[in-house]
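Secondary and tertiary structure notes
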Amino acid sequence: MSALHNLADGLGTALSLTNLLWVLVGVILGTLVGIMPGFGNPAAVLALLLPVTLRLPPATGLIMMAGIYHGAKFAGATTAILLNIPTETSSIVLCLDGHELAKKGRAGPAMGMSAVSGFVASTVGVIALTFLAPTVANFAIKFGPPEFAALMLFGLLLVITMTGRSPIKGFISMATGLLLATVGVDLFSGAQRYTFGRIELFDGVPFLVLTLGMFAVAEVLVNAEQKLNAPLFTVPRKIRELLPSRDDLRGCRGAIAQGSVVGFLIGALPGGGSTIGSFVSYSLVRSTSKDRARFGTGVMAGVAGPEAANNSEAGGAMIPLLSLGLPGNASTAVMLAALVLYGVQPGPLLFTNHPEIVWPVIASLYIGNVALLVLNLPLIPLWVRLLKVPYWILYPCILVLAIVGAYSVNQSTFDVYLLIGFSALGYAFRKLSIPAAPLLMAFVLGPQAETALRQSLILSNNSPAIFFERPISATVLACAAVVVVLAVYGKVRGRPVVPAPAGTVSVEAAGAPPAEPAPSSSPASSPERSDIS
Amino acid sequence: MRASLRVTAAAASVALAATAATACNSSNASSSSGSTPQVTQFVVDTGPGGGSDLFARQLVKIAMSKKIITQNWPVFDDPNGGGLGAMATLKAKPGSSSYIAAFTSKWIIAALSTPNTPAKLSDLTPIAEIADETQVIAAPENAPYSTMSGFIAAARAHPGQLVQTGGSINSVDNLIALEIEKETGTKWKYLSFDDGGPRITALLRGDAQIDIGAESDFHDQIVAHKLKLIGIVSDQRLAGYPQVSTLTQQGINLGQLPAQLQFRGIAGPPDMSPSAVSYYQGRLAKLVKTPAWVNYLKTQGLTAHFVTGAALKALLATFTRSVTPLVNSLPKSG
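Here is what the cut-offs are and how they apply
- Residues numbered from 1 in each chain as written.
- Chains lettered and ligands numbered in written order.
- Predicted model: local features only at pLDDT ≥ 70, side-chain atom pairs only at ≥ 80, totals over all residues.
- Heavy atoms only, no water.
- pLDDT = per-residue confidence, 0-100.
- Contact = heavy atoms within 4.5 Å.
- Phe/Tyr/Trp six-rings, centres within 6.5 Å; stacked < 30°, edge-to-face > 60°.
- Helix = DSSP H or I, 4+ residues; strand = E, 2+ residues; numbered from the N terminus.
- Buried < 20%, exposed > 50% of the residue type's maximum accessible area, 1.4 Å probe, protein only.
- Core = buried A, V, L, I, M, F, W, Y, C linked by side-chain atoms within 4.5 Å.
- Pairing = 2+ DSSP bridges.
- Axes fitted to C-alpha atoms, helices over the stretch in contact; angles between N-to-C directions.
- Salt bridge = Lys/Arg side-chain N within 4 Å of Asp/Glu carboxyl O.
- Parallel < 35°, antiparallel > 145°, perpendicular 65-115°, else oblique.
- Left-handed = near helix turned anticlockwise from the far one by under 90°.
- Nonpolar A, V, L, I, M, F, W, Y, C, P; charged D, E, K, R; others polar.

1. Notes on the confidence of the model for chain B
Residue and element names in this part refer to chain B. Taken residue by residue, chain B gives an average pLDDT of 84. The fraction at 70 or more is 88%. Ignoring residues within four places in sequence, the model shows residues 1-34, a span with pLDDT below 50, making 30 contacts including any to other chains. Both scores are given for the predicted complex: the pTM is 0.77, the ipTM 0.76.

2. Brief notes about the packing of aromatic side chains
The description of an aromatic ring pair rests on the distance of the ring centres and on the angle between the ring planes. All names here are of chain B. A complete count under the given rule lists 11 aromatic pairs over all chains for this structure. Ring geometry for Phe 55 and Tyr 296: centres 6.5 Å apart, planes at 45°, overall tilted. Of this pair, Phe 55 sits in helix α2 (residues 51-65) while Tyr 296 sits in helix α10 (residues 291-299), and the two are 241 residues apart along the sequence. Here Phe 55 and Tyr 296 have matching classes, each one buried.

3. Side note on the nonpolar core
Among the nonpolar cores identified, the biggest contains 125 residues, and Leu 82, Leu 151, Leu 210, Val 280 and Ile 398 of chain A together with Phe 218 and Leu 229 of chain B are the most heavily contacted of them. With 11 residues, the single largest contributor to this core is helix α19 (residues 437-459) of chain A. Among residues more than four places away in sequence, those in contact with Leu 229 of chain B are Val 136, Ile 137, Ala 138, Ser 146, Glu 215, Phe 218, Ile 222, Tyr 241 and Val 244 of chain B. The next biggest cluster of nonpolar side chains, apart from the first, holds 57 residues, and it includes Ala 139, Met 148, Ile 180 and Leu 247 of chain B.

4. Remarks on the side chain of Ser 423 of chain A
With respect to the helices and strands, the residue Ser 423 of chain A is situated in helix α18 (residues 413-431). Ser 423 of chain A sits in the buried class, given a relative accessible area of 5%.

5. Comments concerning the sheet that holds strand β2 (residues 75-77) of chain B
Residue and element names in this part refer to chain B. Spatial ordering of the open sheet is given by β2-β1-β3-β10-β4-β11, a layout of 6 strands whose pairing is mixed. What marks the edges here is a single partner per strand, and that holds for β2 and β11 (303-307). Averaged over all pairs of adjacent strands, the angle between their axes in this sheet comes to 25°, without regard to strand direction. Relative to strand β10 (residues 263-268), strand β4 (residues 125-132) is paired through 6 bridges, and the arrangement is antiparallel. Each residue of the ladder has a partner; that of Pro 126, found in β10, is Ala 267.

6. Thoughts on the pairing of β10 of chain B
Summarising burial for β10 of chain B: 6 of the 6 residues are buried, a large majority. The alternating pattern of β10 of chain B places Phe 263, Gly 265 and Ala 267 of chain B and Arg 264, Ile 266 and Gly 268 of chain B on opposite faces, both of which are buried.

7. Quick notes on the environment of Pro 378 of chain A
Along the polypeptide, Pro 378 of chain A turns up in helix α16 (residues 355-385). The sequence separation of Pro 378 of chain A and Thr 89 of chain A amounts to 289 residues, and the corresponding C-alpha distance is 26 Å.

8. Quick word on the pattern of salt bridges
Tallied over the full model, the rule gives 14 salt bridges over all chains. With a shortest N-O distance of 3.1 Å, Glu 200 of chain A and Arg 198 of chain A are connected by a salt bridge. Looking at Arg 198 of chain A, the relative accessible area reads 37%, which means it is partly exposed. Close ionic contact of Arg 454 of chain A with Glu 450 of chain A constitutes a salt bridge, the shortest N to O distance being 2.6 Å. A residue pair is termed a helical-turn pair when its members lie 3 or 4 positions apart in one helix, as Arg 454 of chain A and Glu 450 of chain A do in helix α19 at 4 residues. A relative accessible area of 25% places Arg 454 of chain A in the partly exposed class. Given a relative accessible area of 24%, Glu 450 of chain A falls into the partly exposed group. Bridged by salt links that share partners, the residues Glu 147 and Arg 470 of chain A together with Arg 205 and Asp 207 of chain B form one connected network.

9. Here's the deal with the packing of α2 of chain B against α10 of chain B
All names here are of chain B. Running from N to C, α2 and α10 cross one another at 160°; their axes reach a closest spacing of 10 Å. As far as their axial angle goes, α10 and α2 are roughly antiparallel. Between α2 and α10 the crossing geometry is right-handed. Judged by residue contacts, Leu 54, Phe 55, Gln 58, Leu 59 and Ile 62 of α2 engage Ala 292, Trp 293 and Tyr 296 from α10. Split into classes, the residues belonging to the contact of α2 with α10 amount to 7 nonpolar, 1 polar and no charged.

10. Comments concerning the environment of Phe 422 of chain A
All names here are of chain A. Along the chain, Phe 422 falls in helix α18. Taking relative accessible area as the criterion, Phe 422 reaches 8% and is therefore assigned buried. For the pair formed by Phe 422 and Val 217, sequence separation is 205 residues and the distance between their alpha carbons is 8.8 Å. Ignoring sequence-local partners within four residues, the contact set of Phe 422 consists of Leu 180, Val 205, Val 209, Leu 210, Gly 213 and Met 214.

Written out as structure tokens, the structure reads:
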């Protein structure tokens, strides 16, 4: 029980008035950064704030950073749900069901669900971090290139199963994403791929520029030509409709639990990260759901699962950072830098040598999340009112933010031209009803899949047997096979119910907010369900 | 309604102010070219939070706090092409005294391995070398050998089977490996990862047998008895590891490669005026003597080397000459 004792001590330290003040500052700052792409990504803000945080005592500085990290995550979810703009890679999945919910007038419940499931998941994440850190750290070390390759295959399968009504269009979108992902200098051979000799393209296409073009600007273009007079969204008036109902919460219990576990485990892998966690969680929630055909048209569980994974990842990501000294993603990399500048060398001995830093950090992660919940639930009505802003104010603002955001990634005008190009591509996709989400997912997963595959084949001297010989990789592949079987089974069974493709559902189609489906709507699917989670 | 309007308006004005501010900065900076620069833009080759970015910010912070400089040197991140973008930015400001950049030895390799490179380090005006990061070779604690020569014997017994983990094919650690393979007539595999973390886990997992990097990359794993050092790629042993011999002492010839392989320095645009060069050299010479800076280098695993003038030119030329044949032996890019 010494872990519990230490956590209590940590909470005691973290709960000082000064620290609470700084965690508030961090959460607010992180939310602002996440809302406005022009401010840059959270990692950049953390880096810029390093000199400020270094004036604070180590625990206080790191607590504020944890606040920024959480705040930015929730803000990414907010823009994805309300405006269909994922400012963080981990919020791409929310554009599928979250934004559809917003179009149906359920933006408030979707955001509330994101906050609640995030809160539950980080609780799970912190508890797991407290008790399981050494065990999970050992598991994380065993996760090498073949295991990653299997996981990426799993992720890409999800992209294929999500292609909506037209598999061909989904495939076009995914292939475009994979193609865009190849741009840049190849790590293994040093070869330039599709760079056209421009050094701006040597490090690939910036994710933020691609998303802003494909989602934000394309959304503005399409809407501006269609509905200049009609309101874009149905915005409910009653306050009760702004928060998730009891039915919503009950229907999402399984999704939240599953997302918390998946997110934590994937977050603990060095190089894992919340994006893959949220993809895998969405895939699992969808393929184990009784009515997977309705996913992509605004299903609450499609928000709850990935958001849970996205948030419990923060607890998981601390494991490689604190127990191995290895950052799992960009934000934890900056926290690693801060630890080093404070004179604390993270590594296998950090837990024993510096408990006065580790436990307040773990506790502050949790406090950051509570602060987020307390701050944001009351603010949801305010956020939702953003949808009432008339288009002639909202759209120019989005365009300005998009251009400033694209420029600020590398402070390069070349990226602004790229943004214009991707906006045209995004507009064409909308006009041709090609879903944009598979493109973005393939863009994120593609390079990681390629890297892991090539690393595995280097290790095995080009023998694919390595994927089946290593137990973890074989297990992940088996899970992927089950998902494929379920997806095919679902397609065959779900024929009568035609799912609408993501991003093209007209607003008028959804009048009353639909409740979660009754459990009886699709019988005889229980045997397979237990295999996965 | 009113409230949200205000929010959006505020957002837009912030955005506009931001664009205006950057525009002002660049016009101010390029207009001044006297001997004591009015504004100094400090260009680095990584994004915020990257190695060079933190290095530059720390340098400015210490120089400001010790009153070595009175005005802030804003750091400008140009991460395009791992140094190529930063070099091109400086090359486009010939004669200006308002731009400096934090270069590393990687910039020389990046330009050599890119046929259509927009700029080379030799296009710029070198101001000073500041520090060098001694490269060491690490292996898992339970490896059957405790020297690099032991690893080479194992590699000879199993040609093309052992694995070294590292970064991109153009990185310094791969060039060191290529030189050793050439000199000893052995061959092993090179496993690229774009982050440092997975390289360490590859060693711990047993997927890879060695990794070449800085002592600080491995320090804590060594203290925890997970990794050990099996050789120092330098002409001197490392303080704190008296029992680990250098490669030369182990009888491994490094051919043309110089003792300093992973160095950091400061350069200015082409044709920077001698008065501006000596201004910056003066500031840096003061900085490197401060205890705060010495302490910072120590936490980063860097060794202080303050080299200027002809000695610096010779150092850069030697490095370029010795890595050129190695880079040329890599598959051609572009």
